[in-house]
Amino acid sequence: MRHSALLKGCGEVLYNESMNIQLKDFFARVSKKERLIIGLMSGTSLDGLDIALCRFKGNGNDMQMDLLNFHTETYEEAFRDKVKDVFSKDQVSLEKVCLMNELIAHAHAAIVNSTLNQWGLLPTDIDFIASHGQTIYHAPKSLHGLEAYPNGTLQIGDGDHLAVLTGIITLSDFRQKHIAAGGEGAPLAVYGDYLLFRKPGEDRILLNIGGIANFTYLPGNGDFGALFSSDVGPGNTLMDRFIQKYFPGQHYDKDAAVARRGTPNQSLLTVLLEHPFFDAPFPKTTGPELFSESYVQNALHKSGQLSISVEDLMATLAHFTAEGIVRSIEKTTGNSAGTQVIMSGGGMHNPLVRALLKERLSSVEFTSTATYGVDPDAKEAVLFALLANETLNGEVQHFGVRKGVPAVSMGKISLPR
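Definitions and limits used
- Residues numbered from 1 in each chain as written.
- Predicted model: local features only at pLDDT ≥ 70, side-chain atom pairs only at ≥ 80, totals over all residues.
- Heavy atoms only, no water.
- Helix = DSSP H or I, 4+ residues; strand = E, 2+ residues; numbered from the N terminus.
- Buried < 20%, exposed > 50% of the residue type's maximum accessible area, 1.4 Å probe, protein only.
- Salt bridge = Lys/Arg side-chain N within 4 Å of Asp/Glu carboxyl O.
- Axes fitted to C-alpha atoms, helices over the stretch in contact; angles between N-to-C directions.
- Left-handed = near helix turned anticlockwise from the far one by under 90°.
- Contact = heavy atoms within 4.5 Å.
- Nonpolar A, V, L, I, M, F, W, Y, C, P; charged D, E, K, R; others polar.
- pLDDT = per-residue confidence, 0-100.
- Pairing = 2+ DSSP bridges.

Caption draft 1: Molecular detail of unusual backbone geometry. Geometrically, the link from Ala 186 to Pro 187 is a cis peptide bond, its omega value of -15° lying close to zero. A cis amide bond, omega -10°, links Phe 282 with the succeeding residue Pro 283. Locating Pro 283 in the fold gives a position in the loop between helix 11 (266-272) and helix 12 (293-303). The phi dihedral of Leu 46 is positive, around 60°, even though this residue is not glycine. Summarising the element assignment, Leu 46 is placed in the loop between strand 1 (34-42) and strand 2 (48-57). Judged by relative accessible area, which is 4%, Leu 46 ranks as buried. Despite not being glycine, Ala 256 has its phi angle at roughly 55°, a positive value. Topologically, Ala 256 is positioned in the loop between helix 10 (237-246) and helix 11. Here Ala 256 falls in the buried class, since its relative accessible area comes to 0%.

Caption draft 2: Local environment of the pattern of salt bridges. The final tally for this structure, using the stated rule, is 17 salt bridges. Between Lys 302 and Glu 274 there is a salt bridge; the shortest N-O distance is 2.8 Å. Placement of the pair is Lys 302 in helix 12 and Glu 274 in the loop between helix 11 and helix 12, with a sequence separation of 28 residues. A relative accessible area of 60% places Lys 302 in the exposed class. Accessibility expressed as a relative area gives 42% for Glu 274, which makes it partly exposed. For Glu 323, the salt bridge is made with Arg 327, and the minimal N-O distance between the two is 3.0 Å. Here Arg 327 and Glu 323 lie together in helix 13 (residues 310-333), a separation of 4 residues that amounts to about one turn. Note on Glu 323: relative accessible area 14%, which makes it buried.

Caption draft 3: The arrangement of the packing of helix 4 (residues 77-84) against helix 5 (residues 94-119) in detail. Across the interface, helix 4 lies against helix 5 with an axial gap of 11 Å and an inter-helix angle of 150°. Relative to helix 5, the crossing made by helix 4 is left-handed. Within the contact between the two elements, helix 4 uses Phe 79, Lys 82 and Val 83 and helix 5 uses Met 100, Leu 103, Ile 104 and Ala 107. Residues that form the contact of helix 4 with helix 5 fall into these classes: 6 nonpolar, no polar and 1 charged.

Caption draft 4: The confidence of the model for the chain, seen in detail. For the chain, the mean per-residue pLDDT works out to 91, and 93% of the residues sit at or above 70. Segment residues 1-15 is flagged for pLDDT under 50; beyond a separation of four residues in sequence, or across chains, it makes 20 contacts in the model.

Caption draft 5: Local environment of the pairing of strand 7 (residues 204-209). Within strand 7, 6 of the 6 residues are buried, leaving the element largely enclosed by the surrounding structure. Side chains Arg 204, Leu 206 and Asn 208 of strand 7 all project onto a buried face; the interleaved residues Ile 205, Leu 207 and Ile 209 project onto the opposite face, where all are buried too. Bridge count between strand 7 and strand 8 (residues 212-218): 6 bridges; the pairing is antiparallel. Considered in strand 8, the bridge of Leu 206 is made with Thr 216. Here strand 7 folds back onto strand 8 in antiparallel fashion, the turn holding 2 residues.

Structure follows, in structure tokens:
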């Protein structure tokens, strides 16, 4: 592999007294037969930080990954409110954005250090951290529509601060390279989903229902030209937003208790589904910048349903999430027997959404990533750890000519000192 060749070709340089000792440590860790990488993920739901401890052997098609441990640290309300102050807003204080970039990194570093202590591990035991950061604004050209500007996305929670405060080499800011190479910065799941979950002869859809729902299509015939990953619409973001609005202190509709007391409003559902995003070709990306509280309020006005009950609104939003997913899967594989949908993300625990998917896609087999050794709540954190492993020790994966899936290695590298 290229790094091994580099080490061999520059061996005399690696041990030169003038070389930065951190680079010696970096190359030594990269060249190990096994690497321990912590993946960090904080999604648009803003519920907490997912921490996945993964062991990697090899890379690419020969890679072996074991999820050794997983923990979600729920955010304190005061911290969550600070993030909301800069999250997904057209206008925000630049001073707050600047300060939150550092504060989030400090908070995440403290959580990592505490979690390692609980697991009985030292920072020196860990080879690398892979940090997704916190998305505060996602602006692909397909949404902002400004001809003079490219695709854009912004994740904060600086990697240098994480590296210094934990003492662990950190890879971060993964989405920028994807945009630089011609993608939209999201979703990135296709790279890890292909390496972890592909199976020749079986069409598979890796469905992740987070704040935004997305899926990866892995065709059983191995056609790279057909493989892709795409957002499909809202996941939990709207349901969570209105639960938090009407039930202060409650972060989500546990067991769909509120939604199951209601009846979906067809007039409102029709208007919610009118956005051109749902008819746009794959792959595509979106976020809470579009599917926001104001999006629902506008739909309530347009459909004449301003007096809708909270229960009926929540039922309608659950149907809205399910319908976006169903339409996307039907466009991709139809409702064909033999297709396997492998689920992950917090939304898969919503019994109403899950029941609607199974009802509408009656010929599809549903399972979860747990069947394949990956905790469904840990999957996104695992995928970023995998991206880091490929960047450090792999070769660029080529996925044919599919638009939106550039062949790149991702993640900026921060040294601890």
